[in-house]
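A closer look at the structure
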Amino acid sequence: MRSASEREGVAAHIGGDRQQLGHGHLENVLAGTLLNAGRRTPDKVAIDAAAGPTTFGELDNLSAQFAHALVDRGVTRGDRVAVQLVKRPEVVALNIACARLGAIYVPLNSSYVDAEVGALLDDVAPALLVREDPLVHSTPRVGGDELIRGASRYPSAFVDAPCDDATPAAILFTSGTTGQPKGVVLTHGNLSFGCRTLNEAWEMSASDVLVHVLPLFHVHGLFVAAYCGVSSGATLRFLDGFDVADVVTALDGATVMMGVPTQYTRLLADERFTSEGVRSVRLFVSGSAPMLRRTHDDFLSRTGQRVLERYGMTETGMITANPLRGERRPDTVGPALPGVEVRVNGSPGEVEVRGPNVFNQYWNRPGLRESDFTPDGFFRTGDVGMLDRDGYLELVGRSRDLIITGGLNVYPKELEQLIDELPGVLESAVVGVPDDDFGECVTAVLVARPGEVLDVDDLRRRCRSVLAPFKIPKHFVVLDELPRNAMGKVEKARLRRDIVGVVASRPRHH
Ligand code: AMP
């Protein structure tokens, strides 16, 4: 953890940057952060997409035109603008437009169906919904194509509304792998701090070409990958979906890729992904879900490069990252980013975070503040981890995924790491399922490597030789694949629901 003087040093440094960029408090913090670098190179390509390139000048102009179009449709400062569009450069321009006029951008997962969208609209009561398909709802709607077609009618300059660090810029719904989605309010300060911190940590510059393979409705794709590219004057190569051949082509001549672990596993499963093909790439970043040590090692042997694993969440933006220069340790997410304070309450214990990156309210849920923050202002992440002597954080699971069996704690990640190394196992997820005797009983859900059949009795024997008896899974369930959300995170709540019935009908092993 950082000392107070180091923290002040970091804060002063960041403050200095801001002055250099000319962000006074009466200016628009986020629009400045996003647009300033590109204004030096208006003819350079900001986003390269299947439909063609968009230059920095075009992105800037389009964001101004969209800002006028939104005002024309009645959107004013503080209003929410909900957006459910397919990935395209115009989505970034629309996001910047909201920042410029002080509106709150609300990206919606593109797979949400009408009922889900309706419920989120009821919650945030936007002034406008931008979405192609009509929806039975009182929120006025405009289609993305219509908005884009109409944009040229408006001036390509816009006087940005003054917005300071505290002005809300976006509401993102937590991915909802458990329970009800909550709207996380992120401010101009949260987002621009994150942008500057990552650009500095990863030495992003106008000479970078970033392969963008993530959706734009999530923190990782929008506020990490897209923002790092746009705000540093780099070029983004947009890919929709994850087609290995397309990614391999896009990596040729690129310098950075940001992805989730499953994307790296898919690249490694394909022979077309070679060290020769990634010669130009200086940085591969992974986050949003844990990367298996095996994936990290396989990546190193295939490409000669170590993936840089980092950790963050919707409520906090990025928290820790392995270093760009320095030791990247597999199974860790690295030390706290500059300006961010991280502490762990126990060993292992809950990870707590404080800093300019951390949100301070859930939309429409004032009561949650008290339970989610410590009295001294640290956000309780719900992740459980350990800090080593050098300040590297190792995550062992979500606190709600912690299994308490017969009064003893079992951390799923410890078992998952071990089980993943057993013969024939491709991957695993360990969950607790309700049990009359034990409260919860440890259950391992396994996926076999292609073409292999898992011998559960053998696996159980092997577990016995390396694990204390209370940790040994009482049940092993073999599935074809683990349920994952759009960011590749295993949906443990769903998994528990899916396997409860299966497990209940089986005898328990001791
Ligand atoms: P989200 O709010 O959807 O971005 O999810 C945030 C959660 O993803 C965190 O609280 C962690 O549980 C998990 N997460 C993010 N990055 C990592 C990582 N590198 N390793 C393990 N878990 C991660």
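Residues numbered from 1 in each chain as written. Predicted model: local features only at pLDDT ≥ 70, side-chain atom pairs only at ≥ 80, totals over all residues. Heavy atoms only, no water.

1. Brief notes about the site of the ligand
The environment of the ligand is made up of 17 residues, and the closest members are Arg310, Thr314, Asp383, Arg398 and Lys489. Here the ligand has 500 Å² of accessible area as a free molecule, and 91% of this is covered by the chains. Where the shell around the ligand is concerned, the elements lending two or more residues are strand 13 (308–313) and strand 19 (393–398). Of the residues forming the shell around the ligand, the biggest block, five residues, is contributed by strand 13. In the shell around the ligand, the residues fall into six nonpolar, six polar and five charged. (Near = heavy atom within 4 Å. Areas by Shrake-Rupley, 256 points an atom, 1.4 Å probe, with all protein chains shown as cover. Helix = DSSP H or I, 4+ residues; strand = E, 2+ residues; numbered from the N terminus. Nonpolar A, V, L, I, M, F, W, Y, C, P; charged D, E, K, R; others polar.)

2. Focus: the packing of helix 2 (residues 29–39) against helix 4 (residues 89–101)
Relative placement of two packed helices is described by the angle separating their axes and the distance separating the axes. Relative orientation of the contacting elements helix 2 and helix 4 amounts to 125°, with a least axis distance of 8 Å. As the angle between them shows, helix 2 and helix 4 are arranged oblique. In this structure, helix 2 crosses over helix 4, and the sense of that crossing is left-handed. Here helix 2 contributes Leu30, Ala31, Leu34, Leu35 and Arg39 to the contact with helix 4, which in turn contributes Ile96, Ala99 and Arg100. A breakdown of the residues in the contact of helix 2 with helix 4 according to their chemical character gives six nonpolar, no polar and two charged. (Axes fitted to C-alpha atoms, helices over the stretch in contact; angles between N-to-C directions. Parallel < 35°, antiparallel > 145°, perpendicular 65-115°, else oblique. Left-handed = near helix turned anticlockwise from the far one by under 90°. Contact = heavy atoms within 4.5 Å.)

3. A word on helix 7 (residues 188–201)
Its 14 residues give helix 7 an end-to-end C-alpha distance of 20 Å, which sits within 8% of 20 Å, the value for a rise of 1.5 Å per residue. The buried fraction of helix 7 amounts to eleven of the 14 residues, a majority that puts the element mostly inside the structure. Every buried residue belonging to helix 7 is among His188, Gly189, Asn190, Leu191, Ser192, Phe193, Cys195, Arg196, Thr197, Leu198 and Asn199, and all of these are buried. Glu203 occupies a position one or two residues after helix 7 and carries a positive phi of about 50°. (Expected span 1.5 Å × (residues − 1). Buried < 20%, exposed > 50% of the residue type's maximum accessible area, 1.4 Å probe, protein only.)

4. Topic: the side chain of Thr187
Here Thr187 shows up in strand 8 (residues 183–187). The buried category is assigned to Thr187, whose relative accessible area is 11%. Among residues more than four places away in sequence, those in contact with Thr187 are Asp165, Ala166, Thr167, Pro168 and Ala169.

5. Comments concerning empty space enclosed by the protein
In this structure the tally under the stated criterion is one cavity of 30 Å³ or more. The volume enclosed by the largest cavity comes to roughly 160 Å³. Elements represented by at least two residues in the lining of the largest cavity include exactly helix 7, helix 8 (219–232) and strand 14 (317–321). Broken down by element, the lining of the largest cavity gets its largest block of residues, seven residues, from helix 7. Tallied by class, residues from the lining of the largest cavity come to eleven nonpolar, six polar and no charged. Summarising the domain contributions, the lining of the largest cavity has at least three residues from each of domain 1 (4–44 + 58–197) and domain 2 (242–399). (1 Å grid on protein atoms, 1.4 Å probe; cavity = no way out; pocket = protein on both sides within 12 Å on 5 of 7 lines; lining within 4 Å. Points joined across faces, edges and corners; volume = space filled by probe spheres on them. Domains from an automatic or database assignment.)

6. Some words on the pattern of salt bridges
Following the criterion strictly, the structure yields 28 salt bridges and no others. One salt bridge in this structure joins Glu327 and Arg329, with 3.2 Å as the shortest N-O distance. When its relative accessible area of 46% is taken as the criterion, Glu327 is described as partly exposed. Under the relative-accessibility criterion, Arg329 is labelled buried at 17%. With its nearest N and O atoms 2.9 Å apart, the salt bridge here joins Lys471 to Glu414. On the criterion of sequence distance, the pair formed by Lys471 in the loop between helix 14 (456–466) and strand 24 (475–478) and Glu414 in helix 13 (residues 412–420) is long-range, its members being 57 residues apart. (Salt bridge = Lys/Arg side-chain N within 4 Å of Asp/Glu carboxyl O.)

7. Side note on the packing of aromatic side chains
Enumeration over the complete set of coordinates arrives at nine aromatic pairs. Here Tyr264 and Phe299 contribute two aromatic rings whose centre-to-centre distance is 5.4 Å and whose plane-to-plane angle is 90°, an arrangement assigned as edge-to-face. Of the two residues, Tyr264 is situated in helix 10 (residues 261–268) and Phe299 in helix 11 (residues 293–303); the sequence distance between them amounts to 35 residues. Residue class for Phe299 comes out buried when judged on its relative accessible area of 0%. One aromatic cluster in this structure is built from Tyr264, Phe273, Phe284 and Phe299. Sitting over the face of the ring of Phe238, Lys87 holds its NZ or CZ atom 4.9 Å from the ring centroid. (Phe/Tyr/Trp six-rings, centres within 6.5 Å; stacked < 30°, edge-to-face > 60°. Lys NZ or Arg CZ within 6 Å of the ring centre and 35° of its normal.)

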